[in-house]
Amino acid sequence: MKKVLIPTALDSVAKDILEAHGGYTVVQIPKCDILQFARENADLHALIVRSEKITAEIIDAAPALKVIIRAGAGYNTIDIQHARAKGVDVMNTPGANSNGVAEEVIALMLADARHLIAADPSCRAGKWEKTTFMGTEITGKTIGIVGLGYIGRLVAKRLSGFEPKLLGYDPNVKPEQAQALGVELAALTDLFARSDYVTLHLPENAETKGMVNRDLLGRMKPGAVLINCARAGIVNEDDLRALKAEKKIRFLNDVYPKDEEGPKSVADIADIMVPHLGASTREANCKAAELAARQLIDLDDRGIGNAVVNR
Ligand code: NAD
């Protein structure tokens, strides 16, 4: 029997699929001390995690560990280099939570355009501020999508009912692929200059860290909206702070340097900020759990490792 630890409140469908398949002993303990579990279970074969930190120390404590599966997209919480050095595959479940994020983008756009966040407490307090909350419509607007991967593509698709002009920037997407999505590829500077909304859907890495800087922000139309549901470091926060008032840029934000309680440095410049809710839907949780279990079975039974991220 292969021992699998799920140290998180992942949908129980992962455990159900592995147990129904047979050959697995699955232990699911939300908020488990993973290091201690690894030390006490030398036969630990696989870990299925969400955003729990998997350190070199944990990997070293689990001599039989073969695979760590991140039920979700981002895997910056896992020491993937150390895992590779120890022969441990790390996988994510690409695409499982894309729809959740795409819908969040549209929720943020509409909430901002119609002042829903401010109008609710005002109305509850007995006020009737119809003029103050005069809104805008998102239909027909120009929307720039930076990064046309799983999420960026779905954003394009889900937005199509609003009959937008869609611009896209992604160095790995060909014009004909963009065209099939109804997206016109544009240079990044052009996209920022022409868009009423710019929404970010690219990874944070050495190339993209601080990419949304003074130069790009300075090109935005007055009153344009920047949405970051990707990773915090992509936006140069100080540059946005410096230009926000002058350019009247609105900033809708889901992501932070760390996922944790406490004051957030973007609070003074974010018009709407939510606690990394993009993938927090029941459907995304279930889909990621199902994919994680199936990918583990495929790897163990047939050596299929398409989703391995640390080859
Ligand atoms: P993906 O890998 O499918 O797509 C990323 C796209 O970005 C790729 O098409 C890639 O070619 C493109 N890209 C890479 N470098 C670029 C650059 N310099 N400029 C423009 N495009 C570039 O990833 P995804 O699943 O679509 O995720 C996109 C982002 O959303 C990631 O940052 C991910 O961590 C984040 N994310 C956030 C949440 C959330 O809850 N808010 C959930 C899932 C993913």
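Residues numbered from 1 in each chain as written. Predicted model: local features only at pLDDT ≥ 70, side-chain atom pairs only at ≥ 80, totals over all residues. Heavy atoms only, no water.

K.L.:
I'm lost on the site of the ligand in this one. Help?
P.N.:
In the vicinity of the ligand, 26 residues are found, and the nearest of them are I151, D170, N172, L202 and D254. A distance of 2.9 Å separates an oxygen atom of the ligand from a polar backbone atom of I151. Taking L202, its main chain carries an N or O atom lying 2.7 Å from an oxygen atom of the ligand. With the chains in place, 85% of the 860 Å² that the ligand exposes on its own is no longer accessible. (Near = heavy atom within 4 Å. Polar contact = N/O pair within 3.5 Å; in protein donor to acceptor, adjacent residues only side chain to side chain. Areas by Shrake-Rupley, 256 points an atom, 1.4 Å probe, with all protein chains shown as cover.)

K.L.:
What exactly am I supposed to notice about the pairing of strand β6 (residues 142–146) here?
P.N.:
Remember that side chains alternate between the two faces of the sheet whenever the strand is regular. The buried fraction of β6 is high, at 5 of 5 residues. Side-chain alternation along β6 places T142, G144 and V146 on one buried face and I143 and I145 on a second face that is also buried. Note that β6 and strand β7 (residues 165–169) share 5 bridges and pair parallel. By the bridge assignment, G144 is partnered in β7 with L167. (Buried < 20%, exposed > 50% of the residue type's maximum accessible area, 1.4 Å probe, protein only. Helix = DSSP H or I, 4+ residues; strand = E, 2+ residues; numbered from the N terminus. Pairing = 2+ DSSP bridges.)

K.L.:
Is there a simple way to explain the packing of aromatic side chains in this structure?
P.N.:
With the rule as written, the count across this model stands at 0 aromatic pairs. The residue whose ring lies beneath K264 is Y256, and the NZ or CZ to ring-centre distance is 5.8 Å. (Phe/Tyr/Trp six-rings, centres within 6.5 Å; stacked < 30°, edge-to-face > 60°. Lys NZ or Arg CZ within 6 Å of the ring centre and 35° of its normal.)

K.L.:
Where do I start with helix α11 (residues 237–247) in this structure?
P.N.:
An α-helical segment advances 3.6 residues per turn. Residues three or four places apart therefore align on the same side. Along α11, the residues that are buried comprise D239, L240, L243, K244 and K247. When α11 is viewed along its axis, its buried side chains cluster within an angular range of 130 degrees and face the same direction. Turned more than 90 degrees away from the buried face of α11, the exposed residues are D238, A245 and E246. For α11, the capping residue at the N-terminal end is N236, with a side-chain oxygen 3.1 Å from the backbone nitrogen of D238. (Arc of directions from axis to C-beta.)

K.L.:
Any chance you could explain the environment of L108 here in plain terms?
P.N.:
Position of L108 among the secondary structure elements: in helix α5 (residues 98–113). Exposure remark for L108: the relative accessible area of 6% places this residue in the buried category. For the pair formed by L108 and L65, sequence separation is 43 residues and the distance between their alpha carbons is 41 Å. Excluding its chain neighbours within four sequence positions, the residues that come into contact with L108 are I227, C229, L252 and I272. (Contact = heavy atoms within 4.5 Å.)

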